[in-house]
Amino acid sequence: MNEDVTRADGPLSRRRALTKLGGLAAVALGGSALGARELLDAEDAGAAGNGPAAVSSGLVACVLAPEQTEGPYYVDDAAIRRDVTEGKPGVPLTLRLTVVNVASCKPIKGAAVEIWHCDAGGVYSGVQGDTGMFLRGVQRTDAKGVALFRTIYPGWYQGRTVHIHTTVHLGGNVVHTGQLYFPDALTDAVYRRSPYNRRPSRSPRNAGDSIYRNGGKRSTLKLVRRGAAYAGSITMGVQRS
């Protein structure tokens, strides 16, 4: 599977997803996403508060996060839901994705965050003859800028390292398109478990993935283990249009 080619109709088709959310205007979208930034050390920042004070304290560093390809497996009309698993087997993974205004480092309420990724066998829903919508979903951010998802640790397929696709919609625009990554050592540990161990010798690893090499290190989730499950978090700064 090659993700170097982005669907030309992807951004425009997202109008329907935005309309479903209510309160987000479905206006005409530009051909390219606006610049986006990632906020690092979000948990430490929470202790010091949000906004410029947290930046000046040194606990928060706003850095440019590279935009990455949407890939060819975007499917329109993803459901608005927190749990996207649809019974798919795999190691449970909770995602805490925070959206902030990069100009002020303050959280943005009501942004629509969308995710999609392959299952443990490396298969995407809704493409290549599949009619399902597993492991796809949309959530609106709360007053703290947080969108939560319950999913599974992604599988892999030839040509790509382990990843999750994400986009952020705001005011009718796609303001960030990116991919979220996992440390290789953690993936190795997870893939020793079922059902991932049915497909050994994954390739490539992070360093061998051409998309990851273009900024993937700064898009790597911060992960903690919780029993048999994992929780991943990252903060994405965006420019309001």
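Presented here is a report on the structure given in the accompanying data block. (Residues numbered from 1 in each chain as written. Predicted model: local features only at pLDDT ≥ 70, side-chain atom pairs only at ≥ 80, totals over all residues. Heavy atoms only, no water.)

### A closer look at the nonpolar core
One finds Leu97 and Tyr153 to be the most contacted residues of the largest nonpolar core, which totals 35 residues. Contributions of two or more residues to this core are made by β3 (92-101), β5 (112-116), β7 (146-152), β8 (163-170), β9 (173-181), α5 (184-190) and β11 (229-238). Among residues more than four places away in sequence, those in contact with tyrosine 153 are Val91, Leu93, Val162, Phe182, Pro183, Leu186, Thr187, Val190, Tyr191 and Tyr196. Tyr74, Val75, Val127 and Tyr157 belong to the second largest nonpolar core, which has eight residues in total. (Core = buried A, V, L, I, M, F, W, Y, C linked by side-chain atoms within 4.5 Å. Buried < 20%, exposed > 50% of the residue type's maximum accessible area, 1.4 Å probe, protein only. Helix = DSSP H or I, 4+ residues; strand = E, 2+ residues; numbered from the N terminus. Contact = heavy atoms within 4.5 Å.)

### With respect to the packing of aromatic side chains
In this structure the tally under the stated criterion is nine aromatic pairs. An angle of 75° between the planes, with centres 5.2 Å apart, marks the rings of tyrosine 74 and tryptophan 116 as edge-to-face. Placement of the pair is tyrosine 74 in the loop between β2 (61-64) and β3 and tryptophan 116 in strand β5, with a sequence separation of 42 residues. On the basis of relative accessible area, tryptophan 116 is assigned to the buried category, the value being 1%. Judged by centre distance (5.0 Å) and plane angle (85°), the rings of tyrosine 181 and tyrosine 212 are edge-to-face. Of this pair, tyrosine 181 sits in strand β9 while tyrosine 212 sits in the loop between α5 and β10 (222-226), placing them 31 residues apart in sequence. Taking the relative accessible area as the measure of exposure, tyrosine 212 reaches 15% and is therefore buried. Through a chain of ring-to-ring contacts, three or more aromatic side chains come together here, namely Tyr153, Phe182, Tyr191, Tyr196 and Tyr230. Residue placement shows lysine 88 over the ring face of phenylalanine 134; its charged tip is 4.2 Å from the ring centre. One Lys or Arg, arginine 199, reaches over the ring of tryptophan 156 and ends 4.4 Å from the middle of that ring. (Phe/Tyr/Trp six-rings, centres within 6.5 Å; stacked < 30°, edge-to-face > 60°. Lys NZ or Arg CZ within 6 Å of the ring centre and 35° of its normal.)

### As for the environment of phenylalanine 149
Note that phenylalanine 149 resides in strand β7. Sequence separation between phenylalanine 149 and leucine 95 is 54 residues, and the spatial gap between their C-alpha atoms is 5.0 Å.

### Considerations on unusual backbone geometry
Each neighbour pair has its own omega, and for serine 194 with proline 195 the value is 5°, a cis peptide bond. With respect to the helices and strands, proline 195 occurs in the loop between α5 and β10. With an omega dihedral of 5°, the bond running from serine 203 to proline 204 counts as a cis peptide bond. As for its position among the elements, proline 204 is in the loop between α5 and β10. Non-glycine residue cysteine 105 carries a positive phi angle of around 65°. With respect to the element layout, cysteine 105 can be found in the loop between β3 and β4 (106-107). For cysteine 105, a relative accessible area of 6% gives the class buried. Positive phi values are uncommon outside glycine, yet leucine 135 reaches one of about 60°.

### Things to note about the sheet that holds strand β6 (residues 136-140)
Read across the open sheet, the four strands follow the order β6-β5-β8-β9; overall the sheet is antiparallel. The open sheet has two edge strands with one neighbour each: β6 and β9. Adjacent strand axes in the sheet meet at a mean angle of 20° when their direction is disregarded. One ladder, built from eight bridges, connects β8 with β9; its direction is antiparallel. Across the sheet, residue histidine 165 finds its bridge partner in β9, namely glutamine 179. (Pairing = 2+ DSSP bridges. Axes fitted to C-alpha atoms, helices over the stretch in contact; angles between N-to-C directions.)

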